[in-house]
Amino acid sequence: MSVAVTIEAIDKRFLAFQALRNVSLDIQPGELVALLGPSGSGKTTLLRLIAGLEQADAGRVLFGDDDTRDLSLRDRRIGFVFQHYALFKTMTVAENIAFGLRSRPRAERPDGAEITRRVKALLELVQLPDLERRYPSQLSGGQRQRVALARALAIEPQVLLLDEPFGALDAKIRKDLRAWLRDLHSRTGHTTVFVTHDQEEALELADRVAILHEGKLEQVGTPDDVYDHPATPFVCEFLGEANRLPVKIVGSQAFLGDRPVLGGLTQNQSGPAALYVRPHHLKFVDETPLSIPGVVEQLRRTGALRRAEIAVAGLTKRLDLDLTSQVAPAIGERVRVKITHATAFATA
Amino acid sequence: MSEATLPDRATNLAAPAARPRTARRTGAEGPVVQLLLITVSLAFLLLFLLLPLISVFVEAGARGWAAYREAITEPDAVAAIRLTLLVAAIAVPFNVVVGIAAAWAIAKFEFTGKNLLISLIDLPFSVSPVISGLVYVLLFGAQGYLGPFLKANGIEIIFALPGLILATIFVTFPFVARELIPHMQALGSTDEEAALTLGASPWRVFFAITLPNVKWSLFYGILLCNARAMGEFGAVAVVSGKIRGLTNTMPLHVEILYNEYMGAAAFAVASLLAGLALVTLALKSLLEWRYGDAIAAARRH
């Protein structure tokens, strides 16, 4: 059932706005891929192009070996879940789910009893049994989302496409549905592409994350890959908070001013660079060679963690540091911090 | 402790400050103004709308039931009623089909000239009905541009049924389209896209998704269109020629009777038209009362 999706050198322009620039992406059968990016990055356009709801100006999309330009929307067999679900208001839940089956040409259409049976099975799959007779307006947001998914799955799609699947839900339901979707995917095994602007969602849910920025694909990789080894400063900043230190790289060492702050750099890129350090990749140390002296200026709580803001001579912005232990320094205390992991990008 | 008391104090402080303001709105001068406005509007409605309507029915029945029946069953009246129904039966379905097509094009597609199309749809509303009629006389009349050609081929348009239908279609065209456009625009096209991705054919998308979604505004538009089609006077008067029993519609028949000092008969036929208006109004109110939410989107213009 699952099929590989190959996106080859797609360009798409809306009047003066270049939505996608030379985007290529290979998606394996059964893979769960997230298209991640800020609004206007082209992620939804790319999803709609895969679906066939938009036409590319250049490039093509393959499902397996089939060029989708030769396929009608019906023959593409995609399950598309819209951001606001687009459930048919004038139909019951059962009629919504059965719509795709009833739309088939007469020869391929299952009979009434078969349709009823499949609708029942799908409602059980999305854990909404006994809601057949309800209308979409009588459902909660989370229930609508799952009905929309059941409706998309009813046509036995080759590819499942989800546009901001959790965008319109509140935080608690989002978390529950995420785990549920992950579970559903591992059971049904559809090739799935979903769009999100929430990096946490993308990292938690996807096998691979494709990060888009201004219509260009910045990086594609597993969540660990893109998080720990961002390919561009944009990816690094978009995936999570980071301190940016202007450094100078000489040999394998990075210097902040004339003080060495990080060693063991493998990339041989001498010259000025920006060092991106995540708040949890900074720790307090006693006197050691590669450490930065500073003063604690502020202590804040960020969810589970506590964060210290440290002023460092020569830096205009304070360094953010996540405290790993319960022992916190006092405000005004002189401390030394050490970088445990960082990514450097040349700035020259 | 301090956290618990803080909000209390805040509301205590805010309450006295807020009270005078709300008191002004619903207090002293409020009821007087309200009463005045209601009286003025009611008096206006009574004087200008309700009284004339009642007088139509009173005058219609002034000569008794037999005379009333006589007036609406004499051959010329029956011919006028049949002609009016025939014109409406052709003009309304035509405008429904074309109106849906125009609304569909405007709401679901982007194309150059869209704004021009929207303005053109409104044109019949901004042009005097007499002009609308005259335009057709100029085009198709004996002295008109196409007159000689039509005459040579034995086609009659002006002073005949086709002219009446054309004029009625022109005047009533905007009703359906204008009800549908805002509603369809508000709905967007994601429902249709969803149906297409599920494998539905364009026809199925239209009849299973688009039409049911706008059915109430469509019905509403048809009601108004029909009321106007049957009641239209100006444009029809110009192209009709008022040949009794042949090209006389109900509104024209009423005028002729009235001009011939047959007041009671005129009002009897007029009462039928007034009755149609009342039925339209009742249906419209029923619709709004029963399906208010569904219709709300369609009425934002």
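Here the structure is a predicted model, which means the values were calculated and not measured.

## Looking at the packing of helix α4 (residues 75-108) of chain B against helix α13 (residues 250-259) of chain B
For any two helices packed against each other, one specifies the inter-axial angle together with the distance between the axes.
All names here are of chain B.
Here comes step 1: Two elements in contact, α4 and α13, have axes whose closest approach is 8 Å; the angle formed by their N-to-C orientations is 150°. When the interaxial angle is binned, α4 and α13 end up roughly antiparallel. Residues D76, A77, A80, I81 and T84 of α4 form the contact with α13, whose own contacting residues are M250, P251 and H253.
Here comes step 2: Tallied by class, residues from the contact of α4 with α13 come to 5 nonpolar, 2 polar and 1 charged.

## Description of the sheet that holds strand β13 (residues 259-262) of chain A
All names here are of chain A.
Here comes step 1: Spatially, the 5 strands line up as an open sheet ordered β13-β12-β11-β14-β20, and their pairing is antiparallel. At either end of the open sheet lies a strand with only one pairing partner, and these are β13 and β20 (343-346). Averaged over all pairs of adjacent strands, the angle between strand axes in this sheet comes to 45°, irrespective of strand direction.
Here comes step 2: In this sheet, β20 lies alongside strand β14 (residues 271-277) in antiparallel orientation, the contact comprising 4 bridges. Bridging across to β20, A274 finds its partner in F345.

## Considerations on the side chain of T247(B)
All names here are of chain B.
Here comes step 1: With respect to the helices, strands and loops of the structure, T247 is situated in the loop between α12 (234-240) and α13.
Here comes step 2: Judged by its relative accessible area of 4%, T247 falls in the buried class.
Here comes step 3: The residues contacting T247, other than those within four sequence positions of it, are L83, F159, A160, L164, S240, G241, K242 and L252.

## Regarding the pairing of strand β12 (residues 253-256) of chain A
Residue and element names in this part refer to chain A.
Here comes step 1: Side-chain alternation along β12 places A254 and L256 on a buried face and Q253 and F255 on a face that remains uncovered.
Here comes step 2: Pairing between strand β11 (residues 243-250) and β12: 3 bridges, direction antiparallel. Note on β12: the bridge partner recorded for I249 is A254.
Here comes step 3: Turn length for the β11-β12 hairpin, with the two strands adjacent in sequence and antiparallel, is 2 residues, and the turn residue G251 shows positive phi of about 65°.
Here comes step 4: Looking at chain direction, β12 and β13 are connected through 3 bridges and run antiparallel. Its bridge partner lying in β13, F255 is registered against P260.
Here comes step 5: Here β12 folds back onto β13, and the loop between the two strands holds 2 residues, one of which, G257, carries a positive phi near 65°.

## Digging into the nonpolar core
Considering soluble globular proteins, one finds that nonpolar side chains tend to be buried as a cluster.
All names here are of chain A.
Here comes step 1: Ranked by size, the top nonpolar core spans 46 residues in total, and within it I97, L149, L181, V209 and I211 carry the most contacts.
Here comes step 2: If one sorts the elements of this core by residue count, helix α5 (residues 141-154) sits on top with 7 residues.
Here comes step 3: The residues touching I211, leaving out its near neighbours within four places in the chain, are L36, K216, L217, E218, Q219, V226, F234, V235 and L239.
Here comes step 4: Core analysis: the next-biggest nonpolar cluster, separate from the first, contains 40 residues, L20, I78, F80 and M91 among them.

## Some remarks on the interface of chain B and chain A
Here comes step 1: Across the boundary between the two partners, chain B contributes 17 residues, which contact 20 residues of chain A.
Here comes step 2: Contact with chain A buries area across many residues of chain B, yet T197(B), L198(B) and R204(B) alone supply 40% of it, more than any other trio.
Here comes step 3: Viewed at the interface, chain A and chain B are joined by 2 salt bridges.
Here comes step 4: Of the charged contacts, one joins R48(A) and E193(B) as a salt bridge, the two residues approaching to 2.6 Å between their closest N and O atoms.
Here comes step 5: At the surface where chain B touches chain A, the tally comes to 4 residue pairs in polar contact (both at pLDDT 80 or more).
Here comes step 6: If you list the elements that add at least two residues to the side of chain B that touches chain A, you get α9 (190-197) and α10 (202-213) of chain B.
Here comes step 7: Sort the elements by how many residues they give to the side of chain B that touches chain A and α9(B) lands first, with 7 residues.

Conventions and cut-offs
- Residues numbered from 1 in each chain as written.
- Chains lettered and ligands numbered in written order.
- Predicted model: local features only at pLDDT ≥ 70, side-chain atom pairs only at ≥ 80, totals over all residues.
- Heavy atoms only, no water.
- Axes fitted to C-alpha atoms, helices over the stretch in contact; angles between N-to-C directions.
- Helix = DSSP H or I, 4+ residues; strand = E, 2+ residues; numbered from the N terminus.
- Parallel < 35°, antiparallel > 145°, perpendicular 65-115°, else oblique.
- Contact = heavy atoms within 4.5 Å.
- Nonpolar A, V, L, I, M, F, W, Y, C, P; charged D, E, K, R; others polar.
- Pairing = 2+ DSSP bridges.
- Buried < 20%, exposed > 50% of the residue type's maximum accessible area, 1.4 Å probe, protein only.
- Core = buried A, V, L, I, M, F, W, Y, C linked by side-chain atoms within 4.5 Å.
- Buried area = accessible area lost by both parts, 1.4 Å probe.
- Salt bridge = Lys/Arg side-chain N within 4 Å of Asp/Glu carboxyl O.
- Polar contact = N/O pair within 3.5 Å; in protein donor to acceptor, adjacent residues only side chain to side chain.

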